[in-house]
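Descriptive structure summary
These are the residues of each chain, in order.
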Amino acid sequence: MCAIEAGKRGRRVAVLEHADRLGKKILISGGGRCNFTNIHCGPENFLSSNPHFAKSALSRYTPEDFIALVEKHHIPYHEKTLGQLFCDRSARDILGMLVEECRLAGVDIFVGVKILEVSPTGGFIVRTAKEEFHAPVLAVATGGLSIPKIGATSFGYDLARQFGLKIREPRPGLVPLVLDQRDCGNYCDLAGVSTEVIASCDGQNFREKMLITHRGLSGPAILQISSYWKKPESIRVDLAPDAKVTAAFRDPKIVRSLNTLRSELRKSLPNRLADRWLELHSLPSWTNAALEDFEQQVHRWEIDPAGTEGFEKAEVTAGGVDTDELSAKTMECRKIPGLFFIGEVVDVTGHLGGFNFQWAWASGAAAGRAL
Ligand SMILES: Cc1cc2nc3c(=O)[nH]c(=O)nc-3n(C[C@H](O)[C@H](O)[C@H](O)COP(=O)(O)OP(=O)(O)OC[C@H]3O[C@@H](n4cnc5c(N)ncnc54)[C@H](O)[C@@H]3O)c2cc1C
């Protein structure tokens, strides 16, 4: 996006990609259909040590701008849920569109380029295994650490450090959580069971599906809250949002028994999870107080995750180049004129649902219009 915008302004642009092909992450995104934006995108959908930083770029390149580009290329798409836009056919449509826009803007693309060194010399010299590129400006769009096996490297952070820029510790975001031995022993054999929950941590709440896995918890609610979680904090899960699982017991005619409670709980939770919950949370008595205590536990499952599945499984890297180092308008380094950082390498991290791409497009456009 940065190359396209700069190329359209008549700049001579070279894109250097070390992988053997472009846009691998676009191709695997959204289950192969690329959730390329979200129509409800706003600054509240992003984490950053400076929550105001993303506002400027996001407001100057909006989901509507990207949708206009998608429509110009006659790419069929649909809204899946919660404003998330996906390709009808394949993520290849989005990659093809960006490559075509680069071609129209006269951008040169080089793939399989191993960058050995970047030196500032008034402008910048980028030394690769084969040749040298000299340019007055350099935009770093090398992403985060997520999914090393498709080409993620620490290059962007290393370069930032080389230039003396501050980094907010990169950490896996939108990542499944691993339960400790005791919780995993209690629940992980239910792998595949999923239910709608509210997951909460650090003042944030996400109401979406939670999925039990062989090692812990995943699903959209957990992925979302994982970006806010830091050890040793706890995560709270409301397993039955809106429901009062013991409501039937207000009726004096109802028999206070395990069978009744099981059938009531099964109305709100998948059967296997309901049954397991009852095995693990036996009532000491059938008093109103004991029932109320049981009710509270269903709505406040406190989890202390052992950790996350790490960068191998993380959809995004939280943290990155400190926003204090960059102009929010252009993404240029304050200390080093001509050096820009855009996309995921910056300490701006989107929620699940098309927000990370929207940040990549918007920050790329902001830099491309300025450099
Ligand atoms: C499995 C998965 C699914 C996802 N699905 C979605 C989704 O549906 N919607 C959404 O909004 N977000 C999604 N994301 C997140 C989104 O893909 C990223 O946030 C986004 O691609 C970041 O864009 P970027 O250009 O900053 O970095 P990237 O897309 O990661 O691109 C960085 C590029 O730099 C190259 N590179 C790295 N190091 C070097 C180096 N040393 N030299 C040269 N080149 C280098 C890489 O090979 C890569 O091509 C998903 C992520 C994953 C892992």
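Our subject is the structure that appears above.
Everything in this summary refers to the structure shown in the same document. Position labels on residues start from 1 in each chain and follow its written sequence. The predicted nature of this model means local features are confined to residues of pLDDT at least 70 and side-chain atom pairs, given and counted, to a pLDDT of 80 or more, with totals for whole chains, interfaces and linings taken over all residues. Note that water and hydrogens are dropped before the side-chain values are worked out from all heavy atoms of the structure.

Overview of the overall build of the chain
Test applied: Counting from the N terminus, the helices are DSSP H or I runs at least four residues long and the strands are E runs at least two residues long. The cut-offs for exposure are 20% and 50% of the maximum accessible area for each residue type, with area from a 1.4 Å probe on protein chains only; residues under the lower value are buried, those over the upper are exposed, and the others partly exposed. Only heavy atoms enter the contact rule, under which two residues are in contact if any of them lie within 4.5 Å. Residues scored as charged are limited to Lys and Arg (positive) and Asp and Glu (negative), so that His and the chain ends carry no count. Note on charges: their place is set at NZ of Lys, CZ of Arg, CG of Asp or CD of Glu.
In terms of regular secondary structure, the chain is built from 12 helices and 21 strands. The C-alpha extent of the chain, read off along each of the three principal axes, is 80 × 45 × 35 Å. Every one of the 371 residues in the chain was classed for burial, and the buried ones make up 52%. For the chain, the proportion of contacts with a sequence separation of at least 24, taken over those separated by at least 6, is 71%. For the chain, the distance from the average position of its 45 positive side-chain charges to the average position of its 45 negative side-chain charges is 2 Å.

Remarks on unusual backbone geometry
Following lysine 231, the chain continues to proline 232 via a peptide bond in cis, the omega torsion being 5 degrees. Tracing the backbone through its elements, the reader meets proline 232 in the loop between helix H8 (220–226) and strand S16 (235–238). Even without being a glycine, isoleucine 147 presents a positive backbone phi close to 60 degrees. Relative to the elements of secondary structure, isoleucine 147 occurs in the loop between strand S10 (138–140) and helix H6 (155–162). For isoleucine 147, a relative accessible area of 16% gives the class buried. Located in the positive-phi region is aspartate 202, a residue other than glycine, with phi close to 50 degrees.

With respect to the packing of aromatic side chains
Selection criterion: For this analysis, a ring pair means two rings from Phe, Tyr or Trp (six-membered ring only for Trp) whose centres lie within 6.5 Å, classed as stacked if their planes differ by under 30 degrees, edge-to-face if by over 60, and tilted for the remaining angles. Here, a charge over a ring means that NZ of Lys or CZ of Arg falls within 6 Å of the ring centre while also lying within 35 degrees of the ring normal.
According to the stated counting rule, one finds 13 aromatic pairs in the structure shown. Measuring from centroid to centroid gives 4.4 Å for phenylalanine 66 and tryptophan 361, while their planes differ by 0 degrees, and the two rings are stacked. With phenylalanine 66 in helix H4 (residues 63–72) and tryptophan 361 in helix H12 (residues 355–368), the pair connects residues that are 295 residues apart, well separated along the chain. We classify phenylalanine 66 as buried; its relative accessible area is 0%. Using a relative accessible area of 5% as the deciding quantity, one classes tryptophan 361 as buried. Aromatic pair tyrosine 187 and tryptophan 277: ring centres 6.5 Å apart, planes at 35 degrees, arrangement tilted. Pair noted here: tyrosine 187 is in helix H7 (residues 181–187) and tryptophan 277 is in helix H10 (residues 271–280), with a separation of 90 residues, a long-range link. Given the relative accessible area of 0%, tryptophan 277 is considered buried. Through successive ring pairs, a cluster of aromatic residues spans Phe36, Phe66, Tyr77, Phe357 and Trp361. Over the ring of phenylalanine 86 we find lysine 80, and its NZ or CZ is 4.7 Å from the ring centre.

Let's talk about the site of the ligand
Put simply, the rule is: Summary of the distance rule: residues count as near a molecule or strand when at least one heavy atom falls within 4 Å of that molecule or strand. By the criterion applied in these results, polar contacts are pairs of N or O atoms within 3.5 Å in which, for protein atoms, one can donate a hydrogen and the other can accept it, and in which residues neighboring in sequence qualify only through two side-chain atoms. Here the Shrake-Rupley method, with its probe set to 1.4 Å, supplies the accessible areas, and only the displayed protein chains count as covering residues. Three residue categories are used. Nonpolar comprises Ala, Val, Leu, Ile, Met, Phe, Trp, Tyr, Cys and Pro, charged comprises Asp, Glu, Lys and Arg, and polar comprises the others, including Gly.
Lining the immediate surroundings of the ligand are 25 residues, of which Glu17, Asn35, Thr153, Glu344 and Phe357 lie closest. Between an oxygen atom of the ligand and a side-chain N or O atom of glutamate 17, the distance comes to 2.5 Å. About the coverage of the ligand: the protein hides 87% of its 990 Å² of free accessible area. If you list the elements that add at least two residues to the shell around the ligand, you get strand S1 (14–17), helix H2 (24–28) and H12. Partitioned by chemical class, the residues of the shell around the ligand number 10 nonpolar, 11 polar and four charged.

Here's the deal with the packing of helix H9 (residues 258–265) against H10
For clarity, the threshold we go by: All axes here are fitted lines through C-alpha atoms, helices being fitted over the stretch that makes contact, and every angle between N-to-C directions spans 0 to 180 degrees. Should an angle lie under 35 degrees it is considered roughly parallel, over 145 roughly antiparallel, and from 65 to 115 roughly perpendicular; all remaining angles are considered oblique. Two helices crossing with the near one rotated counterclockwise from the far one by less than a right angle form a left-handed crossing, whereas a clockwise rotation gives a right-handed crossing.
At a closest axis distance of 9 Å, the pairing of H9 and H10 adopts a crossing angle of 140 degrees. Classed by the angle they form, the pair H9 and H10 counts as oblique. Classified by chirality, the crossing of H10 by H9 is right-handed. Judged by residue contacts, Leu258, Leu261, Arg262 and Leu265 of H9 engage Ala274, Asp275, Trp277 and Leu278 from H10. In terms of residue class, the contact of H9 with H10 is built from six nonpolar, no polar and two charged.

Some thoughts on the sheet that holds strand S15 (residues 216–218)
Filter applied, for reference: We call two strands paired when DSSP finds no fewer than two bridges between them.
A sheet is described by the order of its strands in space; here seven strands give the open sequence S17-S16-S13-S14-S15-S12-S18, paired in antiparallel fashion. Looking at which strands have only one partner, the edges of the open sheet turn out to be strand S17 (301–303) and strand S18 (307–308). Alignment of strand S12 (residues 177–178) against S15, held across two bridges, turns out to be antiparallel. Directly across from leucine 177, in S15, lies its bridge partner leucine 217. Together, S16 and S17 form the strand contacts of helix H11 (residues 288–299), whose direction differs from that of S16 by roughly 115 degrees.

A word on the pairing of strand S13 (residues 194–201)
Relative to strand S14 (residues 204–212), S13 is paired through eight bridges, and the arrangement is antiparallel. Across the sheet, the residue bridging to valine 197 is glutamate 208, located in S14. In this sheet, S16 lies alongside S13 in antiparallel orientation, the contact comprising three bridges. In the sheet register, serine 200 faces S16, and the bridge partner there is arginine 236.

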